[in-house]
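Geometric and topological summary
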Amino acid sequence: MRKFIGLVGTNTTQSTNRQLLQFMKRHFEKQAELELIEVSGLPMFNKPQDMKVPERATEIAKKIDASDGVIISTPEYDHAVPAVLMNALEWLSYGIHPLLDKPVMIIGASFGSLGTSRAQAHLRQMLDSPEISARVMPSSEYLVGHVLEAFDDKGDLTDKDKVEQLDALFADFQRNFGIRLRLTKKKFKNLVKKILIKRSAHL
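Everything numeric here is computed off the predicted structure, so don't read it as measured data.

What counts, and where the lines are drawn
Residues numbered from 1 in each chain as written. Predicted model: local features only at pLDDT ≥ 70, side-chain atom pairs only at ≥ 80, totals over all residues. Heavy atoms only, no water. Pairing = 2+ DSSP bridges. Helix = DSSP H or I, 4+ residues; strand = E, 2+ residues; numbered from the N terminus. Right-handed = clockwise from strand over helix to strand, strands pointing away. Phe/Tyr/Trp six-rings, centres within 6.5 Å; stacked < 30°, edge-to-face > 60°. Buried < 20%, exposed > 50% of the residue type's maximum accessible area, 1.4 Å probe, protein only. 1 Å grid on protein atoms, 1.4 Å probe; cavity = no way out; pocket = protein on both sides within 12 Å on 5 of 7 lines; lining within 4 Å. Points joined across faces, edges and corners; volume = space filled by probe spheres on them. Nonpolar A, V, L, I, M, F, W, Y, C, P; charged D, E, K, R; others polar. Salt bridge = Lys/Arg side-chain N within 4 Å of Asp/Glu carboxyl O. Contact = heavy atoms within 4.5 Å. Core = buried A, V, L, I, M, F, W, Y, C linked by side-chain atoms within 4.5 Å. Axes fitted to C-alpha atoms, helices over the stretch in contact; angles between N-to-C directions. Parallel < 35°, antiparallel > 145°, perpendicular 65-115°, else oblique.

1. Here we look at the pairing of strand β2 (residues 32-38)
Where strand β1 (residues 2-8) lies against β2, 7 bridges are found, and the strand directions are parallel. Residue phenylalanine 4 lies in a different strand from β2, and its bridge partner there is leucine 34. Each parallel crossover has a hand, and for β1 linked through helix α1 (residues 16-27) to β2 it is right-handed.

Pasting the structure below:
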């Protein structure tokens with residue numbers, strides 16, 4: 001069974017994006033294992049000269065590296081991802097590069113009708129940066145708008161069309177990203193990591 005990491009892209013205690021990942025964990029439990037990871041608890045990124053990465057970031061990196069792929073659920077604030085998610089990605093691309101060539105699926109939920117569309121576009125740009133170089137699932141968006149009305153008392157999505165859309169996207173994610181062999185060979189990945197580490201040290 002494939003194992004995926006679900007990054008909760010917020011530090012909000014009662015987050016609907018966490019709820020969306022929790023729904024996926026239950027809904028797809030017979031297809032894959034989904035472990036939810038919080039990105040909160042990391043210090044503010046300050047580019048330490050000794051390139052020492054916080055232990056929490058190292059723990060997250062190890063889990064991501066051992067997984068078959070990552071699903072990031074992000075809210076949207078001011079047309080962008082939350083600062084806590086940006087901070088986590090900065091730590092995860094400074095001396096350590098667990099997202100390098102890692103399959104990533106982006107989802108999001110918001111109170112409004114657009115369902116984090118701008119934040120998802122922002123996140124795609126970040127994940128496509130040379131320091132991160134994730135393999136983001138193309139031509140796909142999963143947007144849950146008016147999220148306060150989207151879940152029932154059990155935490156399940158009530159809109160059947162939204163559930164079917166999620167089923168199709170997750171199947172495509174597994175088929176094209178989780179199962180397909182990595183395009184980059186291990187030796188090349190290690191070389192790229194060395195280059196990125198050297199670059200980070202001189203930025």
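2. Here's the deal with the packing of aromatic side chains
One pass over the full model with this rule turns up 5 aromatic pairs. Ring geometry for phenylalanine 4 and phenylalanine 170: centres 5.8 Å apart, planes at 70°, overall edge-to-face. Highlighted residues: phenylalanine 4 in strand β1 and phenylalanine 170 in helix α5 (residues 160-178), separated in sequence by 166 residues. The same class applies to phenylalanine 4 as to phenylalanine 170, namely buried.

3. Overview of empty space enclosed by the protein
Here the structure, examined in full by the defined rule, presents 1 cavity of 30 Å³ or more. Empty space within the largest cavity amounts to approximately 50 Å³. Residue lining of the largest cavity: Phe4, Met24, Lys25, Phe28, Glu29, Ala32, Glu33, Leu34, Ile71 and Phe170, and that is the complete set. With 3 residues, the top contributor of residues to the lining of the largest cavity is β2. Residues belonging to the lining of the largest cavity are distributed by class as follows: 7 nonpolar, no polar and 3 charged.

4. Things to note about the pattern of salt bridges
By the definition in use, this model includes 9 salt bridges. Ionic pairing is found between glutamate 59 and arginine 56, a salt bridge with its closest N-O pair at 3.9 Å. With glutamate 59 and arginine 56 both in helix α2 (residues 55-66) and 3 residues apart, the pair spans about one turn of that helix. Here arginine 56 falls in the partly exposed class, since its relative accessible area comes to 29%. Salt-bridge contacts for arginine 135 lead to aspartate 101; the nearest nitrogen and oxygen are separated by 3.1 Å. Placement of arginine 135 in strand β5 (residues 135-136) and of aspartate 101 in the loop between α3 (83-91) and β4 (103-109) is noted, with a sequence separation of 34 residues between them. Both residues of the pair, arginine 135 and aspartate 101, count as buried. Each member of the salt-bridge network shares a partner with another, and the members are Lys3, Glu33, Glu35 and Lys63.

5. Things to note about the side chain of threonine 116
Take threonine 116: it is sitting in the loop between β4 and α4 (117-127). When residues no more than four places from it in sequence are discounted, the contact partners of threonine 116 are Thr74, Pro75, Glu76, Gly108, Ala109, Ser110 and Leu143.

6. Things to note about unusual backbone geometry
Backbone phi values are negative for most residues with the exception of glycine, while trans is the configuration of most peptide bonds. For aspartate 78, which is not glycine, the phi dihedral falls at a positive 55°. On the secondary structure map, aspartate 78 appears in the loop between β3 (69-73) and α3. Residue class for aspartate 78 comes out exposed when judged on its relative accessible area of 77%. The residue histidine 79 is not glycine, and still its phi comes out positive at about 65°.

7. Some remarks on the nonpolar core
Nonpolar side chains tend toward joint burial in soluble globular proteins. Grouped together as the largest cluster of nonpolar side chains are 32 residues, with contacts concentrated most on Leu7, Leu99 and Leu127. For this core, the secondary-structure elements that each account for two or more residues are β1, α2, β3, α3, β4 and α4. Not counting residues up to four positions away in its chain, the partners in contact with leucine 7 are Leu21, Ile37, Val39, Ile60, Ile64, Val70, Ile71, Ile72 and Ser73. Among the nonpolar cores identified, the runner-up in size contains 25 residues, and Leu21, Ile71, Ile107 and Met137 belong to it.

8. Let's talk about the packing of α3 against α4
The N-to-C vectors of α3 and α4 enclose an angle of 10°; their axes lie 12 Å apart at closest approach. When the axis of α3 is compared with that of α4, the two are roughly parallel. In this structure, α3 uses Leu85, Met86 and Leu89 to contact α4, whose residues at the interface are His122, Leu123, Met126 and Leu127. Classifying every residue of the contact of α3 with α4 gives 6 nonpolar, 1 polar and no charged.

Purely geometric numbers; function is a separate question.
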